[in-house]
Structures are given as structure tokens and as C-alpha cells.
Amino acid sequence: MALEKERLKGLYRDMYLIRNFEDVIKEYAANGTIPGFVHLSTGQEACQAGVVRALRTTDYKYPDHRGHGAILLCGTDPKYVMAEIFGKATGVNGGRGGSMHVHDWACHNHGFNGIQGSTVVTALGTAFAAKYRHTDDVSAVFMGDGTLGEGTCHESMNMAATWKLPVIYCLINNGYAISTPCSVAHPQKELRQWADGYGVPSWRVDGNDVEAVVETMEQAVGIARSGGGPSLIEFVTYRWQGHFAGDPASYRPEEELEYWKKRDPVLLARNVLKQREGVPEEELKAIEGDVNAQIQDMLRFSLESPVPDVSEASTHVYEGFPVEVER
Amino acid sequence: MSRKLTYTKAINEAMIQEMERDDSVFVLGEDVAKMGGDFGLTQNIYHRWPDRIFDTALSESAIVGLANGAAIAGLRPIAEIMFADFAGVAFDQIVNSTAKLNFMFQGEANCPVVIRAPQGAGIRCAYHHSAVVESWFLNTPGLVIASPATPYEAKGLLISAIRSDDPVLFLEHKMLLNVKGDVPEEPYALPLGKGVVEREGTDVTIIALQITVGMALKAAAELEKDGISAEVLNLRTIKPYDEQLIAESVAKTSRLVIAQEGPKVGGWAAEISAMIGEKYFEYLSAPIGRVTCLDIPVSFAPVLEDYYMLSPADIVRAVKAAVAF
């Protein structure tokens, strides 16, 4: 299915932003400016953008550990997202969370978890609350092929299916759980088959085709919003980087990466815009120039922002009790 | 007006009164709705509010996970874990999400979850249905852990737990479920984080929690016959615990014995001992005594289970050793 031109342009802008944002993160993780480790979503831009853009602000969104892309689009000003990844006071979580925990209540971005399978059950709760309060908000939870090994996935889908909760399982199958190929850890030929045992509708789609991602997501959202319960979408894609920035990923064949780079989701969308929709090169360049300038602003903001004050480390541990901070 | 109620009924009444007051309160767990709970703690709710109490699959992670998500979305879930031992199945959810969501969302969203779980030894059900779990969770900032000793405390602390914007692990003792006591009919809230002096004394402080409160009082009565005046503190909440109450009592008595159900190593009694040793060493005129269960799993055969458990006689012995030091 073809998306309307203006919408596709917006999605291209989103994906271009993710790609170039991640490149900056990669550079500043490599040079040691960003503490800890980061998981880059380079190569998975279409699933990140397509999923979020099929949702509305009040829907509950659960980006996972490889979720910078989705997080950028949930509604937070992206400079606060970048500053969080840099561990700065101006970050959306004041530097408490970092790359794996960039979440923002205001736009229902619940990307707060670094533990595989954990938010897969949290999503049940926001879906339950929507149903309990008779709203039609849905909960979309990102998971990877590796996540499926966690028992919580079974508990979650079993309960969501039984109670017809509006949960959408967005399974990003990028082929590897760190170094372990999907086929080594899971028996299903297609991971979407996992949903069959629960009578949950599922799709397997090209995760690098943003139009297919949006179209399928919209079907799933439609089911969930209208009380039809959960569904699962397996997005077949690939991560260009290793598990974390700096991981040489020597566990996978080079030709595999080459194959997937030829299926670059950002370039695919660009080509569609240019060839099918007749968008002139100058217009695409203008979008890209805009985004690049925006990223430079974010970077400047993140670099110039102060580190958090240590007093911030002990606030909101409890709402009703003080925390002792003397050593 | 006060009546005699069982600990079970007191807990049940707290939930019902809070559900009357606040429609964001709901209950979920295994066999809680139609059956009214494995121990009958959630009776008489389903027929009144069939849309606010839910039987779940045997999925402790999903029960707690659902509660977490519903809480940050503005509801006040009461999640029952049928036996506290099964909290182990949901350990990740409790320590990594329930306990940390307030911190993560920095006050923009709260996680007012109550996780209720019957705990404790004494029912002859061996090592998977007999644990006390305060100490499993003590090292997790963000959690409140309440362990009521009486029906009065059970109702008042549960009401506070439900109203609290902090997540509360509310542990009920299986051997207390049928114990009766005075319970006011109207709703009332007892403060979390505060203990009480159960019995005043001058020679030694005995710190107790839940099942050991009764044991400590028995021991104190026994000690009185020998001319030893024991002060018994009931902590009610072990996280956070009432340091001021403990320090003031030890300042007065100069001797401390801690009566804790559960294995000794890494138990909450160790935390209290360390805190007193570190901050109030000068108050002490004798080594701190810890009276606990043995560092072994709970066995099935009554004689074996009783061997594991502590008793009032053990407390008496520890107090006498402290006084004789």
C-alpha cells in the first residue's frame, strides 16, 4: 500500500533524523563523551518511525533498549532526549536514566526498561487502565527476537488475549540476541507464529519498508482501539551496528550486513519519494539540511548542558519518606 | 466503634472500605475474585464489584507488571500474591519496576501499588510455602515493607498502604489470619515507617515484627518473673524502619535483643544491629543479641519445622545473656 505523499515525507524526515542522530551518538560514545554503553537503532529506522507514527500522544508507548529512534518521535523535544543520553541535567530524566531509560510521562513514552521482557508485562497495566477507565488508548510495546525467550512474554500475551486488552506487541526481529542468531534460540520459522497459540492475530512484515510498517500497525491499532484485543507484528529487519556501539559483531557474516545495507530503509523511502511520488531532489535535500541543522543544535545543547547536581540522585526515591544521604 | 475481628476480616474490611472511597482501587490475583482468595482475604468483593476484582492466570510477573502499569496510569492496584514465597517469580517486577517507577518518573507519575502476600512458617507446608520475605526486599530502595502483627494494625496499615503514593509490600502472617482483636469499624490509617512500644521496660529492648511481637511479649512476661524488665518494640514497618523509636529505647535500656522470623544471615535483624552498632554504640552495655530462625530451609515434618522456628524461650535466653554480660 502506498502512503499519501506528505505523510511519507514526514516519515522520511523521521527516519533521516534517527539515522543521523544515531551517528552522532555513535561518535560521542566512541570518543568517551557519552558514559556507559548505547544500543543503536541504525538500520531499524522504519520500524521505529512507522510504529510511533501510527499511534497518538495518549497511547502508551514502550520503546525498548534499542529505542532511541522511537523515543525521538514520541513527543519529547529531541534535544532533551539527546541530553539524557549524554547524562546531562537537562536530559528528559535529569541524567538519571541514560540511553536505556529515556522516558517521558507527558507523551506516554514508557521506554524505561533495560531488562528484557519486563515492560512486556507493564504494558498490560496501561492497557488494563485504559479499559478500566473506558478510554480507547492502546499500549504498544517494543520487543526483540531475543525478548521472546523471556517467560514474561508468555504471561503477558496469555493475559492480554484472555482479557482482550489493547496491547500491540511490536516484535522487531533483527536476527540476533547479542550474538545468538534467532534460529539458535527459537523453534518457530516465523516468530509471529508464537501468537497463534493464544489465538492472537499476527503479521510478519518487511520492517525496512516504512509504508508496510505503518499500514500493518494501523490495522493492529484499529483492532486494539475497537476492543478487539491484542495483536502482534513481527518486523523483519537488521541492526547495522553490533549489540552496543563498539561491538565489532564478529559473530555475523559480513555479506549479511552488506545484503541489509542494500535494503537501507532510509534510502528505500527516499527512492520512493523521488521516483514514485516525484519529489524533487532539492526538496529532499532541504529536509535533510533542516534535520542536520536540528541535530547540530541538539548536540551543542547536550555538550553545553551541565552535569546533574548530586542532590538529584535521591529525590523521588520515596514520595512519603526522606532518604538518608549521609555516608 | 470497635469490634473483635480476625486479622483476615480486618484486611478484608480495609480493602472494601478503600474500594468504597476510591474507584481507582481494584484487586487482582490468583483465585481472588469468585473464590475470595486462597485464604479468604478477598471475600465479599466480587459480588459487589465484579468489575473491580480479577482472577488471573498463575502469572506472578504479569500480576505485578499489570499492577505497575495500571498504577502509573493512575489506578491503585492491590495485587495479591497467594503465598509470599511466590513473590520470587515476580522478583524482577518488584525490585526493578515497582520499587523504581517513582524514581524514574520523578513525581510525574507514581506507582501506588500494594502487593499483598501471606507469609511465614507454621502451617506445615515446607520450604515453598513458609518463607518470610522482608529480608529478600530490604535492600531495594523505593519499597515500603509493612508486616502487621494484629488485626488492628492490619487494617490501619493496609489503608495507609492503599493511600500511599509509594509502593508497599504488605506482608500478612498466615499464623495470624485467624487471630481476633479489637478493630474500629470506621476507616483509619496507621503511619507507615513508625513503630510502637508494646510494653515498657528498663533493662533490655526487644525489637519484634509481626509474629515475633507475640513471642517477645510472652518472653517479657516470663522475664518479669525473674525481675528483668523488658521493653518490647513492634516495628510494624521494616522499610523504612523507625530508627528514632529504636534509638530512644536502647538509650534507656542499654541492651538490645532482636527477634526476627527467618534465617539469620542477611536478615533485617542484621540491619538493625549494624545501625545500632554504627550510630549508637555508646548506648550499649552488652552485645546485641539476634534471635532468629536457623539458616536452613523450612521443613515439612512438624518437629523439623519447629526446630527451624524461633520461640519465646529463645528470646528469654538471649535477654538473660545480655543482662548477665
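Residues numbered from 1 in each chain as written. Chains lettered and ligands numbered in written order. Predicted model: local features only at pLDDT ≥ 70, side-chain atom pairs only at ≥ 80, totals over all residues.

Description of the pairing of strand β3 (residues 167–173) of chain A
All names here are of chain A. Counting buried residues along β3, 7 of its 7 residues qualify, which places the element largely inside the surrounding structure. Burial along β3 is two-sided: V167, Y169, L171 and N173 facing one way and I168, C170 and I172 facing the other are all buried. Relative to β3, strand β2 (residues 139–144) runs parallel, the two sharing 6 bridges. Across the sheet, S139 pairs through a bridge with V167, a residue of β3. (Buried ≥ 20, exposed ≤ 12 C-beta atoms within 10 Å, placed from the backbone. Helix = DSSP H or I, 4+ residues; strand = E, 2+ residues; numbered from the N terminus. Pairing = 2+ DSSP bridges.)

Considerations on the sheet that holds strand β7 (residues 168–173) of chain B
Residues and elements named next belong to chain B. Taken together, 7 strands build an open sheet; the order of strands is β3-β2-β4-β5-β7-β6-β12 and the sheet is mixed. Unpaired on one side and paired on the other, β3 (53–55) and β12 (237–239) mark the two borders of the sheet. Within the sheet, the average angular offset between the axes of one strand and its neighbour, ignoring direction, is 20°. Here strand β2 (residues 25–29) runs beside β3; their pairing, made up of 3 bridges, is parallel. Bridging across to β3, L28 finds its partner in F54. Lying over the sheet, helix α6 (residues 151–163) contacts β2, β4 (76–80), β5 (114–119), β6 (144–146) and β7, oriented at roughly 160° with respect to β7. (Axes fitted to C-alpha atoms, helices over the stretch in contact; angles between N-to-C directions. Contact = placed C-beta atoms within 7 Å.)

Thoughts on the sheet that holds strand β11 (residues 230–234) of chain B
All names here are of chain B. Spatially, β9-β11-β10-β13-β14 is the arrangement adopted by the 5 strands of the open sheet, whose pairing is mixed. The open sheet has two edge strands, β9 (196–199) and β14 (289–291), and neither has a second partner. When the angles between neighbouring strand axes are averaged without regard to direction, this sheet yields 25°.

Topic: the interface of chain A and chain B
At the junction of the two partners, chain A supplies 30 residues and chain B supplies 36 residues. When residues of the side of chain A that touches chain B are traced back to their parent elements, those giving at least two are α5 (118–132) and α6 (151–163) of chain A. With 10 residues, α5 of chain A is the largest single contributor of residues to the side of chain A that touches chain B. Residues that form the side of chain A that touches chain B fall into these classes: 13 nonpolar, 15 polar and 2 charged. (Nonpolar A, V, L, I, M, F, W, Y, C, P; charged D, E, K, R; others polar.)

Here's the deal with the packing of helix α1 (residues 7–21) of chain B against α6 of chain B
All names here are of chain B. One can describe the packing of α1 onto α6 by two numbers: an axis separation of 8 Å at closest approach and a directional angle of 30°. For the element pair α1 / α6, the angle class is roughly parallel. In terms of crossing hand, the pair formed by α1 and α6 is right-handed. Note on element contacts: α6 touches α1 through P151, A154, K155, L158, I159 and I162, opposite Y7, A10, I11, E13, A14, M15 and E18. Taken together, the residues that form the contact of α1 with α6 break down as 10 nonpolar, no polar and 3 charged. (Parallel < 35°, antiparallel > 145°, perpendicular 65-115°, else oblique. Left-handed = near helix turned anticlockwise from the far one by under 90°.)

Digging into the domain arrangement of chain B
All names here are of chain B. As assigned here, chain B comprises domain 1 (2–184) and domain 2 (196–324). Placing the centre of domain 1 and that of domain 2 at their C-alpha centroids yields a distance of 26 Å. With 22 residues of domain 1 at the interface, the matching set in domain 2 holds 23 residues. Those elements giving two or more residues to the side of domain 1 that touches domain 2 turn out to be α5 (134–137), β6 and α6. When residues in the side of domain 1 that touches domain 2 are grouped by element, the largest group, 3 residues, is from β6. Looking at the side of domain 1 that touches domain 2 residue by residue, the classes come out as 14 nonpolar, 5 polar and 3 charged. (Domains from an automatic or database assignment.)

Comments concerning the packing of helix α2 (residues 45–53) of chain A against helix α8 (residues 210–225) of chain A
Packed helices, taken two at a time, are described by their axes: the angle between them and the distance between them. All names here are of chain A. Where α2 meets α8, the closest approach of the two axes is 8 Å, and the angle between their N-to-C directions is 35°. The interaxial crossing formed by α2 with α8 has right-handed handedness. When α2 is examined against α8, the residues A46, C47, A49, G50, V51 and R53 are found in contact with a partner set consisting of V210, V213, V214 and M217. Class assignment for the residues of the contact of α2 with α8 results in 8 nonpolar, 1 polar and 1 charged.

Quick notes on helix α11 (residues 312–324) of chain B
All names here are of chain B. In a regular helix each residue adds 1.5 Å, so 13 residues correspond to 18 Å; α11 covers 18 Å between its end C-alpha atoms and thus fits that length. Taken as a whole, α11 has its buried residues at P312, I315, V316, A318, V319, A322 and V323. Buried residues of α11, viewed axially, fall in a sector of 165°; they line one side. Along its buried surface, α11 packs onto β10 (204–208), α7 (211–225), β11, β13 (256–259) and β14. (Expected span 1.5 Å × (residues − 1). Arc of directions from axis to C-beta.)

A closer look at unusual backbone geometry
Cis peptide bonds are those with omega within 30 degrees of zero, and the linkage from K239 of chain B to P240 of chain B qualifies with -10°. Following the sequence through the fold, P240 of chain B ends up in the loop between β12 and α8 (243–253). Even without glycine at this site, H108 of chain A takes up a positive phi of about 55°. Of note, H108 of chain A is situated in the loop between α4 (78–85) and α5.

Section: α4 of chain A
Residue and element names in this part refer to chain A. Burial within α4 is extensive, with 8 of its 8 residues counted as buried. Among the residues of α4, those classed as buried are P78, K79, Y80, V81, M82, A83, E84 and I85. Residues of α4 that are buried in the fold lie against α1 (5–30), α3 (68–73) and α11 (281–304).

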